[in-house]
Amino acid sequence: MTTARIIDLQLRLLDRQVIDTDGKFVCNVDDLELDVDEQGTPFVTAILVGPRALGPRFSGRLGRWVVAIATRLSEDRSTEPLRIDYRQVTEIGNVVKLARTKAELGVTPLEEWVDSRIIARIPGSGHAPE
Amino acid sequence: MRLSDLIDTPVTGTDGTELGFVIDVRCHQDGPIRGAMQTLRVHSLIVSRTHVGSLLGYERRQQQGPWLIKILVRFLHRHAFIVDWDDVEREGNAFRLRASAQPRPLPE
């Protein structure tokens, strides 16, 4: 009988980097979503990403402002954070590895918008760094 | 429910005395397969009276490292304990230990 792996969520998972299937940085683990099974035991269902996940971790007015600004800038105008389903996670170590590419996940819409609308228009932006 | 909803939640004894607050949530990866891996199921709560140094993890295991930091963090968390999820019940915005609860000190 093998012993179950033990993971302290705050110490081992929160704020870790998330890497896609190509090895590219996607985001950080800003919070975790938990659901409760039939026995009443919570289990991890998703990684929550972005300022709408990070904001509530700040107490007081700062946290509310972070969520409000992120909600205003989001397409869906929802306070619910972007999520990566636990089913996409393939490895939890020093980083969290996923089974999808960053583009498939779509959890960095603001970054993608800035990339396509602003960065792409800067002359020379298409060159790979040397 | 989010992890951040559990962290910092006050924990009280059976008689209502404050024992500390949740500084971490310990999971066992022993649930049903969900995608590529087994589900992380909450097994216990780590409770302490201070957050200072808790993110270093010194208070939870034998750790190679500067002995001075190790001694300092372990001193700060000398009252810390682990309690099983089944041994606590939610009461308002706090967790209350059940009468049958058997909190354990953190491993030396």
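Residues numbered from 1 in each chain as written. Chains lettered and ligands numbered in written order. Predicted model: local features only at pLDDT ≥ 70, side-chain atom pairs only at ≥ 80, totals over all residues. Heavy atoms only, no water.

1. Some remarks on the overall build of chain A
Assigned secondary structure in chain A consists of five helices and eight strands. Walking chain A from its N terminus toward its C terminus, one meets helices and strands in the order β-α-β-β-β-β-α-α-β-β-β-α-α. Each principal axis of the C-alpha distribution contributes one length, and for chain A these read about 60 × 40 × 25 Å. Counting all 130 residues of chain A, 39% fall into the buried class. The contacts of chain A with a sequence gap of at least 6 include a subset with a gap of at least 24, amounting to 44%. Surface accessibility of chain A: about 8,100 Å² in total, with carbon and sulfur atoms responsible for 52%. Averaging the locations of the 17 positively and 20 negatively charged side chains of chain A gives two centres separated by 5 Å. (Helix = DSSP H or I, 4+ residues; strand = E, 2+ residues; numbered from the N terminus. Buried < 20%, exposed > 50% of the residue type's maximum accessible area, 1.4 Å probe, protein only. Contact = heavy atoms within 4.5 Å. Areas by Shrake-Rupley, 256 points an atom, 1.4 Å probe, with all protein chains shown as cover. Lys, Arg positive; Asp, Glu negative; His and termini not counted. Charge placed at Lys NZ, Arg CZ, Asp CG, Glu CD.)

2. Digging into the pairing of strand S6 (residues 81-84) of chain B
Residue and element names in this part refer to chain B. As judged from the four bridges shared by strand S5 (residues 41-48) and S6, these two strands associate in the antiparallel manner. Note that in S6 the partner of Leu45 across the bridge is Val83. Examined bridge by bridge, S6 and strand S9 (residues 104-105) share two bridges and lie antiparallel to one another. Paired with Phe81 across the two strands is Pro105, which belongs to S9. (Pairing = 2+ DSSP bridges.)

3. With respect to the packing of aromatic side chains
Each pair of aromatic rings is reported with the distance of its centres and the angle of its planes. All names here are of chain B. Applying the stated criterion to the full structure yields one aromatic pair over all chains. Seen in terms of ring centroids, Trp85 and Phe95 are 5.6 Å apart; in terms of plane orientation they differ by 70°. Their pairing is edge-to-face. In this pair, Trp85 sits in the loop between S6 and strand S7 (88-91) while Phe95 sits in strand S8 (residues 94-97), placing the two residues ten residues apart along the sequence. The class of Phe95 is buried, set by a relative accessible area of 2%. Lying over the aromatic face of Phe75, Arg78 brings its terminal NZ or CZ to 4.1 Å of the ring centre. (Phe/Tyr/Trp six-rings, centres within 6.5 Å; stacked < 30°, edge-to-face > 60°. Lys NZ or Arg CZ within 6 Å of the ring centre and 35° of its normal.)

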